[in-house]
Amino acid sequence: MVSTEESASPSRAPDCLVCAYFRVTWDPDFPRACDVFGIKTRQLPSLEVFAATGRHCPAFERKLPVDRTRPPAPGGSGSDDDGGLWA
Ligand code: SF4
């Protein structure tokens, strides 16, 4: 039987790489960061959270998918033959 406290927390650390609060830093010694906990680390921030608190991160929020559709060409119909620098 699982206790109430255990069932309220996830069974494993969330994947920071798909979390809205994860970011990459410019610091080569601490390239991964979490904006919620204000930490920079070598490993995934969720592992640091677990090591420090004994609980898995409760703040995970899946980031929204990026819209990768191409924007329309500026002022053009979208074809390659509509003028441009070399016309
Ligand atoms: S909020 Fe949690 S899951 Fe998201 S980046 Fe921070 S530690 Fe990772």
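Scoring rules and cut-offs
Residues numbered from 1 in each chain as written. Predicted model: local features only at pLDDT ≥ 70, side-chain atom pairs only at ≥ 80, totals over all residues. Helix = DSSP H or I, 4+ residues; strand = E, 2+ residues; numbered from the N terminus. Buried ≥ 20, exposed ≤ 12 C-beta atoms within 10 Å, placed from the backbone. Contact = placed C-beta atoms within 7 Å. Arc of directions from axis to C-beta. Near = placed C-beta within 6 Å. Nonpolar A, V, L, I, M, F, W, Y, C, P; charged D, E, K, R; others polar. pLDDT = per-residue confidence, 0-100.

## Quick look at the overall build of the protein
A tally of helices and strands in the protein yields two helices and three strands. Starting at the N terminus, the α and β elements of the protein follow one another as α-β-β-β-α. Counting every position in the protein, which comprises 87 residues, the buried fraction comes to 14%. In the protein, of all internal contacts separated by at least 6 residues, the share reaching a separation of at least 24 is 42%.

## Overview of helix α2 (residues 45-53)
Looking only at α2, the buried set comprises P45, S46, E48 and V49. Here the buried residues of α2 occupy an arc of 155° about the axis, which is enough to place them on one side. The secondary structure elements touched by the buried residues of α2 are β1 (22-24), β2 (32-34) and β3 (39-41). Two residues or fewer after α2 comes G54, characterised by a positive phi angle close to 80°.

## A closer look at the environment of R12
One can find R12 in the loop between α1 (4-8) and β1. Judged by C-beta crowding, with 9 C-beta atoms within 10 Å, R12 ranks as exposed. As a C-alpha pair, R12 and H56 span 44 residues in sequence and 6.7 Å in three-dimensional space.

## Regarding the site of the ligand
Taken together, the neighbourhood of the ligand is formed by 14 residues, with C16, C19, C34, P45 and C57 sitting nearest. Among the elements that take part in the shell around the ligand, α2 stands out by supplying three residues, more than any other. Taken together, the residues that form the shell around the ligand break down as 13 nonpolar, one polar and no charged.

## Observations concerning the confidence of the model for the protein
On average, residues of the protein carry a pLDDT of 83, and 76% of them reach 70 or more. Predicted confidence for residues 1-7 stays below pLDDT 50, and this span has one contact to residues more than four positions away or in other chains.

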